[in-house]
Structures are given as C-alpha cells and as structure tokens.
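Residue-level structural notes
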Amino acid sequence: MNSIASRPLLSGEDLDTAIDQARTELAGLLRGSEDIVGTGGPQAVAEARALLAALLDRRVTEAAARMDERDARAVAAARTDRNEAIAVTGALLYWLSADEAAWPEVALTFGRLSYDRYTDPWPGAESPDPDDLDAACDLLLRGARYDDADERTTLYLFLALRDRQHLLACPNDAKALMTWGRRLLTFPDAGGLGRSSLHDMLELELLNRVGSVTPAGPAAPGGPASPAGPFVPWSRPPLQLAAVLI
C-alpha cells in the first residue's frame, strides 16, 4: 500500500479513468476470490481497495472545492463517491490488523470521510447520523499522532471532537478537544479557521466547561435546567476548509 502514496495526483478525466480502472480491477479480484492463489490473495484485494478509496477520496475533495450547490447531479455524484469510498475503506480497515503499518492512515481516511458525511453541507442532506460522528472521533483519535499530525487531520479532529462534546459531554473528549485545539494553533492559518477565530472557539469551550460544572440556575417545576451555554456551529464545513490544504 506504500506505492499508492508515490503515485502522481490525478484530476479531471484522468482521475475518472483511473477510478473506473480501479473499480474493474477490484471487482475482478473479488469475483476470483474462490481461487485465492490465482488472484494474488487477500493482499491484492487490500491493495485494490486502498487504491480505489484514495482515488474516490481525491475526487470528492476536488468536487467539494468547486461544488455548485444548485447542480443536483453534481451533488448526488459527490455523495455517491463519498459513500463508496466509506464502504471500500471500511472493508479495508476491517481486513487490516491494528498493528499493521497501513492501519493508521486507513483509519484517518475513514474518520475524515465519516465526518464529511456527518456534516454534509449540500442541499437535500439526510439527518446527521451520530454513528458517523463516533466513527470520526474514535478513528481519528486512534490513527493520529500528536507530534506528526498534519494540519488537515488536526482540523478534522478538533471539529469532530467539538461536535461530539456538544452532543454528549464527556471529560475525555473535552480534554482531547483542548489538546488538539492547541495543536491546531501551531499552524499559521489554524486549518483555515484563522488563529483569532480559533482562540475565540477555545475560549468559548472553556467557558462552557466552567458553566457545565456550576449551577445552571433554577428550573421551572418539572422542567429541565437551563443549558450552560450556547453552541455556536462553525459556518464552513470541514471538507471545504480542508480542500485548500491539499
């Protein structure tokens, strides 16, 4: 799977052709799975899945960067590619053992794609699935190394943890959120958020944490307590932010 990283980046018709060829190759390997020796074995299937997933991920990122949300066909095509990439990457991740060298990168890809689906910004999106958010947080956390994480990965981790923290407050997520927020501050543009905006977001998170451990004020009889603080969602989805980092 290391050879995939050394391949030249494709775009446009060349990328479309490469995806078609990768699909055909994977389908042929899967059809011949009964004759596992003749098809090159599980390793050949894993290589084919890794290549197809990488190409689809590339096309989704390119599509997001130039997306016209009024073009229903383009939106549908991007969603189809993303769902296929998630399925192929998930199958590859299931096959790999956690101690293999390729596992972290595959986990990061699956996590990013899952978060992109959770935060789908295009018209007609389905309701966000918390399972996608859990997959994003858990796999990004397992796949990323603090000292080596690039700007794109750090951005995804910060935003995914922030979203989950506001759905279900968890001390571990709160700590990880601040840790990866500080990591994001080490990049000049803070993942496209801007250092000033990121400082404001971290400050708000700290205030929310303080509010969550202090009395929220009296509640009406039989009613819930008032929330500790508002959740202010970021206006730009991570896929659009990350597109400028590639």
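In this text the structure is predicted, and so the values were computed from the model without any measurement.

**Side note on the overall build of the protein**
Assigned secondary structure in the protein consists of ten helices and zero strands. Listing each helix as α and each strand as β along the protein from the N terminus yields α-α-α-α-α-α-α-α-α-α. Across the 246 residues in the protein, those meeting the buried criterion constitute 44%. Taking all contacts inside the protein whose residues are at least 6 apart in sequence as the whole, residues at least 24 apart take part in 69%. For the protein, the computed accessible surface area is about 13300 Å², with 55% contributed by carbon and sulfur atoms.

**Focus: the pattern of salt bridges**
Close approach of charged atoms allows side chains of opposite charge to pair. Across all of its chains, the model carries 17 salt bridges by this definition. For D132, the salt bridge goes to R117, with nearest N and O atoms at 3.0 Å. Of this pair, D132 sits in helix α6 (residues 130-143) while R117 sits in helix α5 (residues 103-118), and the two are 15 residues apart along the sequence. Judged by its relative accessible area of 8%, D132 is buried. Looking at R117, the relative accessible area reads 30%, which means it is partly exposed. Close ionic contact of E205 with R162 constitutes a salt bridge, the shortest N to O distance being 3.3 Å. Placement of the pair is E205 in helix α9 (residues 195-212) and R162 in helix α7 (residues 151-167), with a sequence separation of 43 residues.

Conventions and cut-offs
Residues numbered from 1 in each chain as written. Predicted model: local features only at pLDDT ≥ 70, side-chain atom pairs only at ≥ 80, totals over all residues. Heavy atoms only, no water. Helix = DSSP H or I, 4+ residues; strand = E, 2+ residues; numbered from the N terminus. Buried < 20%, exposed > 50% of the residue type's maximum accessible area, 1.4 Å probe, protein only. Contact = heavy atoms within 4.5 Å. Areas by Shrake-Rupley, 256 points an atom, 1.4 Å probe, with all protein chains shown as cover. Salt bridge = Lys/Arg side-chain N within 4 Å of Asp/Glu carboxyl O.

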